Amino acid sequence: MAVVRACESYHRAQGGRAAHQPMVAAGRFDLNRTGSLRVLFDRETGRGPSAQFVAVRDRYMARLRDRYRRVDLEILIPLTDQGEHPAMLLEQVFVPQHVRADPPPVEVPREVWRRLAEARQGEDAHLPEQVERVNLEGALRAYRDRPCRAVLEVLAEAAARKLVLLGDPGSGKSALARYLLLALAAAGEPGGGTDADAAGEGADAGAAESGRHAAGALVPQGLRGYLPLLVELRTYAESQARAGHGVTFLDLIDHLHSTEDVGLPRSVLEPFLDGGNPALIIFDGLDEVFEPRLRAEVTSQIEGFAARYPQVRVVVTSRVIGYRRQLLDGAGFGHWMLQDLDADQVRAFATGWYARSCPGEPAQAARLRDRLLAAVAASAAVGELAGNPMLLTILAIIGRRQELPRDRRSVCEHAVAVLVEHWDVNRHLRDERINVDLLDKQDKLELLQLVARHMQDAPAGLAGNHVPGPSLIDWFRDYLEQRFNLSADRSVPAARAMLAQFRERNFILARFGSEVYGFVHRAFLEYLAAGDLTRRLNNLDLTPEQVLAVYDQHWHDPAWAEVLLLLTGMIPDRLATQAITRLLAADPHWRLRPHVPRHLLLALQATTEIRKTAALTPHAPALTRALTTLLEETNRREQRHKKPALSEAIDRLTPHLTGVFGPTWLAGDIYQNWYYRSSYPFTGTSLDIYTAARTAATIHTRLTSHDLETLRRATTDPHWATREAAVKAIAEGWAHDDGTLPLLRNRATTDTTWVVRRAAVGAIAAGWAHDDGTLLWLRVRATTDPGGVVRRAAVGAIAAGWAHDDGTLLWLRVRATTDSDGDIREAAMRAIVAGWAHDDGTLLWLRDRATTDPDWVVREVAVEAIAAGWAHDDGTLPLLRVRATTDPDWTVRQVAVEAIATGWAHDDATLPLLRVRATTDPDWGARREVVRAIVVGWAHDDGTLRLLRDRATADTDEDVRQVAVEAIAAGWAHDDGTLPLLRDRATADTDEDVRQAAEGAIARMVAG
């Protein structure tokens, strides 16, 4: 009867019989299908939390929606638009990011990664002293090779119970945290979040209701039913400081309940957690605990919290800078880096944003969306800015009122203007009763430029973007005294008051933690540094020669590259072309050096900053020869190395080059003569790695892009790169010509080189998706093309472009089960998991693939997907146990074991299973990972040390023995038997690495 009553309540809340239709179609009753049905059943049976807890929780969920549902636009909207921009609901505009696993274990900002990539062949990358360059390079290469994954998918995996999300400023860490709160609240409430009482009234209530439906629907199955909790670590650190370090996380949540009604009372929450109930807690902003000792304490407390409540999912967010991963890494936390938004995500954000900001005006919303996307597509630099969620939001706000500029300099100018406008320093000074003259917009801009100048002159240079508060006070004071002739007794209090404003609120300058400040995004630091140089040139404080000297002094430093490029677009064209000429000649012997020729790369990219391209006419021959020489050297290095650093630099430069080297380039004949003379040696068997050949061909076709007949002839050129570039140029520039689609289909089916066929397939899928014959044609290519890469491209295109076609899922299942290419089966599998996880038949189908597919990669993907998306299904754990013990491939067994260890740690059978696998699995890699899992999850179990001693001495593989030795030394240093065992291993082990690990552990114990 409890089930019947729960179904009746669910039926009424959902508004009709259709609510049960998915379970009817699936042929079985599933209480865990939705969090709301589970809650109703628990209430009817009394199996769930107490009535007191339910009442408090429901109130808490409603308050979460009140507190976090709106996007905070105040700081991002121009003052003239305040009150005019509609309220934006986070559920409706948030776009979940992608993440990449295991960023290298060191705090390095994005620009240092770029610097390292360009300097990998020996140049100084100005890395922190404690970083071992070789190790970091290897870690970076491994990191880049890892795939990007959807962040919600990762968070739902059974193996991701404890993880750290790292990101740059503005990358959306806190927005993701708040979205998770809202989404889990929507997914877990009875009725699925349909009650609009907490959402507001009128139109806002309806919008909030649809937003909650959308947010709840996006929650993966593996997260449904979890209680969401948020701890803002800056607030926690402040409470620690006030209370003398006696406050716990539960105390803070209790305090928020009693003071702001956005927490839970400890008397209710603690028993809930102690009872093993599921919760997800987000510790947001570890980087905002700036004092190192306190940050270490907080990190230890997070680790302790995760250990005390092993059923709780723990998510920690932090900026990269200032983060130390050793403790959480050792405690089994996974580390993931938020990635920039890609083109599809930018489009999804723009669509949602303008649909919400233009209610009832779909045509206007579409026009504004397309205008924003056109500005982003027109400039690679603007596209890079748009990848940052915060800057994209600023662009969307600006784009609602005016045409967006299409170069990043103008975009930064607009964004800086908005943020400077919000820095209401005069009002703050008045509120503090400090009598100084008003700072106008220009004063504030000059003051920020002064800060940027001091930052670039600091020891860390432009790689820093951080400054101590006392230094800011000194700079503010100096400016006020010079600008307004203030005495020290007036300038110092004013400077201190200005700094105090940043402690309370972020403007264009933000408080990073404690007494350290920086610009909210590096792009603003670079723009203001370039603006400072330009202003001083215009004011005659700098001579033209001194400006040119800046290029001479800093072209070799990648941290200065963006500033020099921006400066090129700000100073007069005549001076800018002189700077480019000097860059071209800066290092005449560069080909004799192994590293990247930054002076040529910078000079060529700087040409795109010149406002009047006619100014480049006298320099066109020299620039063209520099480019051809650069391509020749890149080709030479590619013949010797698989992917030299210079190739990556050329990859990044190519989009900029195509904007300059076009049909009107006056030295085009010089380039074309060189190309016809030199292009054919630009070839090889591993076609994907030949950047020089592709770039050379791309510019060749760009110079003739206005001539369709020439491009058509180029599609049959003997050189594969010329044909590939011609196919892309025709698809991009001549899509409306009647002959283009037939030509592309011909190239996609008859060209002898797979890269050309792949380019044609991609072009057709992107440009002719609405053609009636395209889907069928792609299916044919996916099954008949002789190249596996082309078939995979066709599979990916079908999954992405025809997800709503009734036949796509069935077709993908056929490909995933029958295709002779394992890579294609894997691609089809991943497409199904990503796009059809909620389909009723997906789980059964994945179970079949996990057990019967002959390809281990396909079985691994299926096991991972089941563990991540269906952790609450009764059949998941038994299946994982079978795969962990019987799968013939060790990687599949390892994935299954790790999923069990993290997702079912409290199951009585888990630890015994792991112990058996640690001693009997035939593969050393699987045994090693099981040993690590036991150390992380069961360090306090009485049998763990005994198992480790056995593995340290008896395992047949040296890697397993070494892991066991290191674990014993780290976790049981004070045990009486540890030192004797280590001495034995240091002398008796047959492997040198194990002996060295034991010797090092002994040395640390003696020293400690």
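Labelled according to an unreviewed UniProt entry, the protein appears under the name HEAT repeat-containing protein, originating from Micromonospora matsumotoense.

(A) How the structure looks around helix α36 (residues 740–750). All of the buried residues along α36 are T740, L741, L743, L744, R747 and A748. Buried positions in α36, seen along its axis, are confined to an arc of 160° and lie on one side of it.

(B) Here's a closer look at the pairing of strand β6 (residues 313–319). The element β6 is largely enclosed, with a buried count of seven among its seven residues. Alternating residues of β6 divide into R313, V315, T317 and R319 and V314, V316 and S318, and every residue in both groups is buried. Here strand β3 (residues 162–167) runs beside β6; their pairing, made up of six bridges, is parallel. The residue bridging L163 from the neighbouring strand is V315, located in β6. Here four bridges tie strand β5 (residues 279–284) to β6, and the two strands are oriented parallel to one another. What sits directly across from I282, in β6, is V315.

(C) Highlighting helix α13 (residues 266–274). When we look at burial in α13, the residues that qualify are V268, L269, E270, F272 and L273. Buried-residue contacts for α13 involve α4 (51–68), β4 (227–232), α12 (249–259), β5 and α14 (292–308). In the segment just after α13, G276 is the residue with positive phi, at about 80°.

(D) Layout of the sheet that holds β5. Strand order in the open sheet formed by seven strands is β2-β1-β7-β3-β6-β5-β4, with mixed pairing between adjacent strands. Of all strands in the sheet, those with a lone pairing partner are β2 (149–150) and β4, marking the two edges. With four bridges connecting them, β3 and strand β7 (residues 334–338) associate as parallel partners. Within β7, the position partnered with L163 by the bridge is G334.

(E) Here's a closer look at a negative patch on the surface. Where like charges cluster on the molecular surface, the negative patch consists of E958, E992, D993 and E999. Along the chain, E992 falls in helix α51 (residues 992–1007). In this structure E992 comes out as partly exposed when scored by relative accessible area, which is 47%.

(F) Seen up close, the pairing of strand β1 (residues 98–101). As judged from the two bridges shared by β1 and β2, these two strands associate in the antiparallel manner. Paired with V99 across the bridge in β2 is R149. Here β1 pairs with β7 via three bridges, running antiparallel. Residue pairing for β7: V99 is matched across the bridge by L338.

(G) Inspection of the side chain of R985 at higher detail. Summarising the element assignment, R985 is placed in helix α50 (residues 978–988). Of the polar contacts made by the side chain of R985, one reaches the side chain of D984; its length is 2.8 Å. At 2.8 Å, the side chain of R985 forms a polar contact with the side chain of D989. Not counting residues up to four positions away in its chain, the partners in contact with R985 are A952, T953, V965, R995 and A998.

(H) Representation of the packing of aromatic side chains. On inspection of all chains with the given rule, the structure shows 12 aromatic pairs. Ring geometry for Y671 against Y675: centres 6.4 Å apart, planes inclined by 15°, an arrangement best described as stacked. A residue pair is termed a helical-turn pair when its members lie 3 or 4 positions apart in one helix, as Y671 and Y675 do in helix α32 (residues 668–678) at four residues. Taken individually, Y671 and Y675 each receive the classification buried, so the pair is uniform in this respect. Across from the ring centre of W811, 5.9 Å away, lies the NZ or CZ of R815, which sits over that ring.

(I) Representation of the packing of helix α37 (residues 754–767) against helix α38 (residues 774–784) in the model. Two numbers describe how α37 lies on α38: the axes approach to 10 Å, and their chain directions differ by 155°. In terms of orientation, α37 and α38 fall into the roughly antiparallel class. Once α37 is placed against α38, the crossing between them reads as left-handed. Facing V761, I764 and A765 of α37, the residues of α38 in contact are T774, W777, L778 and R781. Looking at the contact of α37 with α38, its residues break down into five nonpolar, one polar and one charged.

Cut-offs applied
Residues numbered from 1 in each chain as written. Predicted model: local features only at pLDDT ≥ 70, side-chain atom pairs only at ≥ 80, totals over all residues. Heavy atoms only, no water. Buried < 20%, exposed > 50% of the residue type's maximum accessible area, 1.4 Å probe, protein only. Helix = DSSP H or I, 4+ residues; strand = E, 2+ residues; numbered from the N terminus. Arc of directions from axis to C-beta. Pairing = 2+ DSSP bridges. Contact = heavy atoms within 4.5 Å. Patch = residues over 30% accessible without salt bridge, like charges linked within 9 Å, V, L, I, M, F, W, Y side chains within 5 Å. Areas by Shrake-Rupley, 256 points an atom, 1.4 Å probe, with all protein chains shown as cover. Salt bridge = Lys/Arg side-chain N within 4 Å of Asp/Glu carboxyl O. Lys, Arg positive; Asp, Glu negative; His and termini not counted. Charge placed at Lys NZ, Arg CZ, Asp CG, Glu CD. Polar contact = N/O pair within 3.5 Å; in protein donor to acceptor, adjacent residues only side chain to side chain. Phe/Tyr/Trp six-rings, centres within 6.5 Å; stacked < 30°, edge-to-face > 60°. Lys NZ or Arg CZ within 6 Å of the ring centre and 35° of its normal. Axes fitted to C-alpha atoms, helices over the stretch in contact; angles between N-to-C directions. Parallel < 35°, antiparallel > 145°, perpendicular 65-115°, else oblique. Left-handed = near helix turned anticlockwise from the far one by under 90°. Nonpolar A, V, L, I, M, F, W, Y, C, P; charged D, E, K, R; others polar.

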